[in-house]
Amino acid sequence: MVQVATRDIFQKLTEMAFNDDTVSKNLSGIDGFVNNNSNDATVLKEILDSMLECGKTNVESYIRFYNYSMKHSLFCLNHLFLKSSIVLLHDFQKTNKLDTNTTQITLLSKIIATILKYEICDYIDITDSFETIYFGKDVRFPVSFSDIKKYELEVLCLLRSKYTQYIIDSDQVLDTPELIRFIGKLNKIHNLLALKKYTSQLDDIVYSDKSKENLFKTDDISPNDYDKAVYDNYDILLFPMINDDIRLKNNKISFLNEGFGNIEYGTFSISSEDNIHFKQTFSLEHSDEFEDYLSNETKNKILSIDDSVNMQFVFDFSKFGNDYKFIFSKKAGKVKEMMNNNEQNNGINVTFNGNPSFENSPLMIGNNQKMKFNIVPLKDMYENLANELDKTSMNDNEKSSLQDDINDTIKELKSENINVSKVKEYTNKIKTTITGLSGCAHLLTHVEKIQSFLSSIGGN
């Protein structure tokens, strides 16, 4: 190793005309020196500063040294090169000092390669929109996700590990916004990897009778044990997610599990000022909806709470050996408003979309009986189903048949006097068709929501 002050070591390497072998030996010596002084913050800073100065004054030599360090897997130096390269690229982007993008691209490639080689999760993150990816920790710089296509699959896998670790290996309890954000990112990654890596569609991986048999050759496995087996065998974390879309109508309360994982024996409670008004054990598979009813006593108690009081909606459950909570706070006045609005709207929590032809349309419910009912959400559900079908890969004849049935139903919903029995008949037919197809679990979820909505109308 060159005998020189640590703060000048890379400047000296640049000045001397070393051949490849000599450079390699000196870098190996520096790596050993860094390793022996890994607890000396002053030494590490001086070497890092020397690297940065080299990168600013002679970036070609800097990249050459980084190449050698990576080629020979010099662990300590590679981590310092990673840190210094992030600072350099951050400064280059900020000041636009480079004449061409070639050096920036080379540095970016080295940074990504180092992060992937050593699986340094702390140095990589992605925005919720998945449009921008950030590299770095204390100093970070953004890159468009579309600009790293070469590494896309590996980056997604590392991010999957990152968010999985946050969720199941975190040293501290994640608050609800953090937990939901990490689950949301993880679910997006699952969807992207399902298109690029998995041999099966994601619908064939989440818990179902078919996936139990296909993946584990058994139907005797609980939802929680299934999720754990998927993680242990396939490194895919299927996690439940409950948002604050808690619906109250009259005495009925409902919420949806919007995640890919399941909840077994969780506890849902409603409280205010340390008083528990409602508590119920529940189990909920992915994409399923929980429904229960408040007693009149509980409902009246909630209605008597001062509008300014915060009410807590808490979901407790255990998963992968850890305890988790989704906690949402709503003002009592808002909760009572939800309950009252639903009473006025015949129990359906919808927002009128401004199209008078669908407001309070009469629905035939059998025996020539008519009732006024807002069908906007029903029409929207069918249009969403049609959109999801359009994006689903399946046999053209099967898709065409389903599209015809959906279009017939939408046509019926646009008629002046809607026959709900006919709508139910179409819906049952669509469900029967979808049930027999593979990779269509997400469509079945849409249909079951429609059936749940229709059941609240009544009729045959």
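Residues numbered from 1 in each chain as written. Predicted model: local features only at pLDDT ≥ 70, side-chain atom pairs only at ≥ 80, totals over all residues. Heavy atoms only, no water.

Caption draft 1: Inspection of the nonpolar core at higher detail. Formed by 94 residues in total, the largest nonpolar core has its most connected members in F10, L27, I133, F135, V155, I167 and F268. For this core, the element with the highest residue contribution is helix α5 (residues 75-95), accounting for nine residues. For I133, the residues in contact, after removing those within four places along its chain, are I124, D125, I126, F141, P142, V143, F145, I148, V155 and L159. In this structure, M394, I410, I430 and C440 belong to the second largest nonpolar core, which totals 21 residues. (Core = buried A, V, L, I, M, F, W, Y, C linked by side-chain atoms within 4.5 Å. Buried < 20%, exposed > 50% of the residue type's maximum accessible area, 1.4 Å probe, protein only. Helix = DSSP H or I, 4+ residues; strand = E, 2+ residues; numbered from the N terminus. Contact = heavy atoms within 4.5 Å.)

Caption draft 2: Structural view of the confidence of the model for the protein chain. In this model, the protein chain carries an average pLDDT of 84, and 86% of its residues clear a pLDDT of 70 or more. Every residue in residues 343-372 scores below 50 in pLDDT, and together they form 60 contacts with partners more than four places removed in sequence or on other chains. (pLDDT = per-residue confidence, 0-100.)

Caption draft 3: Highlighting the pairing of strand β8 (residues 289-293). Alternating residues of β8 divide into F290 and D292, all buried, and E289, E291 and Y293, none buried. Pairing geometry for strand β5 (residues 252-256) and β8, over five bridges, is antiparallel. Across the sheet, the residue bridging to S254 is E291, located in β8. (Pairing = 2+ DSSP bridges.)

Caption draft 4: Representation of the sheet that holds strand β10 (residues 322-331). Pairing within the open sheet is antiparallel, and its four strands lie in the order β7-β6-β9-β10. This sheet does not close on itself; its edge strands, each paired only once, are β7 (275-284) and β10. Sheet twist, expressed as the mean angle between neighbouring strand axes with direction ignored, is 15°. On the sheet, helix α10 (residues 223-234) packs against β6 (263-272) and β9 (310-319) and is oriented at approximately 115° with respect to β6. (Axes fitted to C-alpha atoms, helices over the stretch in contact; angles between N-to-C directions.)

Caption draft 5: Examining the sheet that holds strand β4 (residues 247-249) more closely. One open sheet accounts for three strands, arranged β4-β5-β8; its pairing is antiparallel. In this open sheet, the two edge strands, each paired with only one partner strand, are β4 and β8. Taken pair by pair, the neighbouring strands of this sheet meet at an average axis angle of 20°, ignoring direction.

Caption draft 6: Main features of the layout of surface pockets. Considered as a void within the structure, the largest pocket measures approximately 1,000 Å³ in volume. Surrounding the largest pocket, 33 residues form its lining, N191, D203, F260, E388 and H442 being those nearest its centre. Of all the secondary structure elements, the ones that give two or more residues to the lining of the largest pocket are α8 (176-196) and α16 (441-455). Top element by residues in the lining of the largest pocket is α8. It accounts for six residues. Taken together, the residues of the lining of the largest pocket sort by class into ten nonpolar, 15 polar and eight charged. (1 Å grid on protein atoms, 1.4 Å probe; cavity = no way out; pocket = protein on both sides within 12 Å on 5 of 7 lines; lining within 4 Å. Points joined across faces, edges and corners; volume = space filled by probe spheres on them. Nonpolar A, V, L, I, M, F, W, Y, C, P; charged D, E, K, R; others polar.)

Caption draft 7: Broad picture of the pairing of strand β3 (residues 140-144). Residues F141 and V143 line the buried face of β3, whereas the alternating positions R140, P142 and S144 sit on a face that is not buried. Taken together, the five bridges between strand β2 (residues 132-136) and β3 define a ladder with antiparallel strand orientation. Following the sheet pairing, T132 is matched in β3 by S144.

Caption draft 8: Up close: the packing of aromatic side chains. Under the criterion given, the structure shown has 29 aromatic pairs. When the centroid spacing of 5.9 Å and the interplanar angle of 75° are considered together, the rings of F10 and F81 count as edge-to-face. Highlighted residues: F10 in helix α1 (residues 9-15) and F81 in helix α5, separated in sequence by 71 residues. Taking relative accessible area as the criterion, F10 reaches 1% and is therefore assigned buried. Their ring planes at 75° and their centres at 6.3 Å tell us that F268 and F290 sit as a pair that is edge-to-face. One end of the pair, F268, is in strand β6; the other, F290, is in strand β8, and 22 residues separate them in sequence. With respect to burial, F268 and F290 carry one shared label: buried. (Phe/Tyr/Trp six-rings, centres within 6.5 Å; stacked < 30°, edge-to-face > 60°.)

Caption draft 9: A look at unusual backbone geometry. Positive phi outside glycine occurs at F130, with the angle close to 65°. Relative to the elements of secondary structure, F130 occurs in the loop between β1 (124-126) and β2. For F130, a relative accessible area of 10% gives the class buried. Despite not being glycine, F320 shows a phi value in the positive range, around 55°. Here F320 is to be found in the loop between β9 and β10.

Caption draft 10: Representation of α8 within the structure. The end-to-end C-alpha separation of α8 is 30 Å, in line with the 30 Å expected for 21 residues at 1.5 Å each. Where α8 is buried, its residues touch β1, α7 (152-168) and β10. (Expected span 1.5 Å × (residues − 1).)

Caption draft 11: Highlighting the packing of helix α14 (residues 396-413) against helix α15 (residues 420-435). The contact between α14 and α15 brings their axes to 10 Å, and the two run at 160°. Compared by their axis directions, α14 and α15 come out roughly antiparallel. With respect to the hand of their crossing, α14 and α15 are arranged in left-handed fashion. On the side of α14, the interface is formed by L402, D405, I406, D408, T409, E412 and L413, while α15 contributes K422, V423, Y426, K429, I430, T433 and I434. Grouping the amino acids of the contact of α14 with α15 by side-chain chemistry returns seven nonpolar, two polar and five charged. (Parallel < 35°, antiparallel > 145°, perpendicular 65-115°, else oblique. Left-handed = near helix turned anticlockwise from the far one by under 90°.)

Caption draft 12: Spotlight on the environment of Y118. In this structure, Y118 sits in helix α6 (residues 102-118). Spatially, the C-alpha atoms of Y118 and H79 are 9.0 Å apart, while their sequence positions differ by 39 residues. Residues within four places of Y118 in sequence aside, it is in contact with S73, L74, F75, N78 and H79. At 2.8 Å, the side chain of Y118 forms a polar contact with the side chain of N78. (Polar contact = N/O pair within 3.5 Å; in protein donor to acceptor, adjacent residues only side chain to side chain.)

Caption draft 13: Seen up close, the pattern of salt bridges. If you walk through the whole model with that rule in mind, you get 15 salt bridges. The salt bridge partner of K228 is D232, with a shortest N-O separation of 2.8 Å. With a gap of four residues between them, K228 and D232 both fall in helix α10, about one helical turn apart. Residue K228 is classed as partly exposed on the basis of its relative accessible area of 43%. For D232, a relative accessible area of 48% puts it in the partly exposed group. K429 is paired through a salt bridge with D405; the nearest N and O atoms lie 3.4 Å apart. Taken together, the residues K429 in helix α15 and D405 in helix α14 connect sequence positions 24 residues apart. Within the structure, one salt-bridge network assembled from shared partners comprises D125, D128 and K185. (Salt bridge = Lys/Arg side-chain N within 4 Å of Asp/Glu carboxyl O.)

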